[in-house]
Amino acid sequence: DVKVTQSSRYLVKRTGEKVFLECVQDMDHENMFWYRQDPGLGLRLIYFSYDVKMKEKGDIPEGYSVSREKKERFSLILESASTNQTSMYLCASLGLAKNIQYFGAGTRLSVL
Amino acid sequence: QQQVKQSPQSLIVQKGGIPIINCAYENTAFDYFPWYQQFPGKGPALLIAIRPDVSEKKEGRFTISFNKSAKQFSLHIMDSQPGDSATYFCAASMMYGQNFVFGPGTRLSVLP
């Protein structure tokens, strides 16, 4: 079974802090994604990566950056956390063979 | 053009009922339409998916109906059970490896 692991289930941070959200997948998938999930808005794409060191902006990249130094790991960085970044963050990986996205369990981030 | 609209926002049915969730899209370049199921505290997981060359796909109690000319597709859950209570997301993408655009989600409650 594909496993996508997000390093933290819950995080509480202060406004202005730099925040790192880590995601690791174990199926050698090429593509990885970071989404933000908010009630009534569904999943909105922040960034995605189709290869090591490659990244593409999604629909809401402002205030975020990403890093993909190794194929299995995709990190989301909040350079200076703000209260409007309080949300559920979901990481996903996609294997091109079956075109199925596999999601992690999510990180619920609260910025105070 | 990139939006996927989904209705209703929430749905309550009795056990054994047939909840129907509807989605609509604008971009005719979309050619892969998955449905994801998300339980509380978990990431979304693929439930069933369809390509536009067929009008219906059935997997167990779950059926997707697809109307290419109307650019609409829907999920039907036959003989619904309390264990089906979850949030359901429709999505669309343009072939392999591309970004998925998600609908806002439908929260389904199946009463015992």
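Here goes a summary of the coordinates provided.

Quick notes on the rules
- Residues numbered from 1 in each chain as written.
- Chains lettered and ligands numbered in written order.
- Predicted model: local features only at pLDDT ≥ 70, side-chain atom pairs only at ≥ 80, totals over all residues.
- Heavy atoms only, no water.
- Disulfide = S-S within 2.5 Å.
- Helix = DSSP H or I, 4+ residues; strand = E, 2+ residues; numbered from the N terminus.
- Buried < 20%, exposed > 50% of the residue type's maximum accessible area, 1.4 Å probe, protein only.

1. As for the state of the cysteines
Consideration 1: Overall, the coordinates contain 2 disulfides over all chains when judged by the stated rule.
Consideration 2: Two residues, Cys23(A) and Cys91(A), share a disulfide whose sulfurs are 1.9 Å apart. Judged by the sign of its S-S torsion, about -80°, the bond between Cys23(A) and Cys91(A) is left-handed. Placement of the pair is Cys23(A) in strand S3 (residues 19-25) and Cys91(A) in strand S9 (residues 87-95), with a sequence separation of 68 residues. The two residues Cys23(A) and Cys91(A) agree in class, both being buried.
Consideration 3: The residue that forms a disulfide with Cys23(B) is Cys90(B), at a sulfur-sulfur distance of 1.9 Å. One disulfide, between Cys23(B) and Cys90(B), carries an S-S torsion of -95° and so falls in the left-handed class. With Cys23(B) in strand S3 (residues 20-25) and Cys90(B) in strand S9 (residues 86-93), this pair connects stretches of sequence that are 67 residues apart.

2. A look at unusual backbone geometry
Consideration 1: Cis geometry is found at the peptide bond from Ser7(B) to Pro8(B), where omega equals -5°.
Consideration 2: Relative to the helices and strands, Pro8(B) is located in the loop between strand S1 (4-7) and strand S2 (10-14).
Consideration 3: Despite not being glycine, Lys53(A) has its phi angle at roughly 65°, a positive value.
Consideration 4: Although it is not a glycine, Lys71(B) sits at a positive phi angle of roughly 55°.
Consideration 5: One can find Lys71(B) in the loop between strand S7 (62-67) and strand S8 (72-77).

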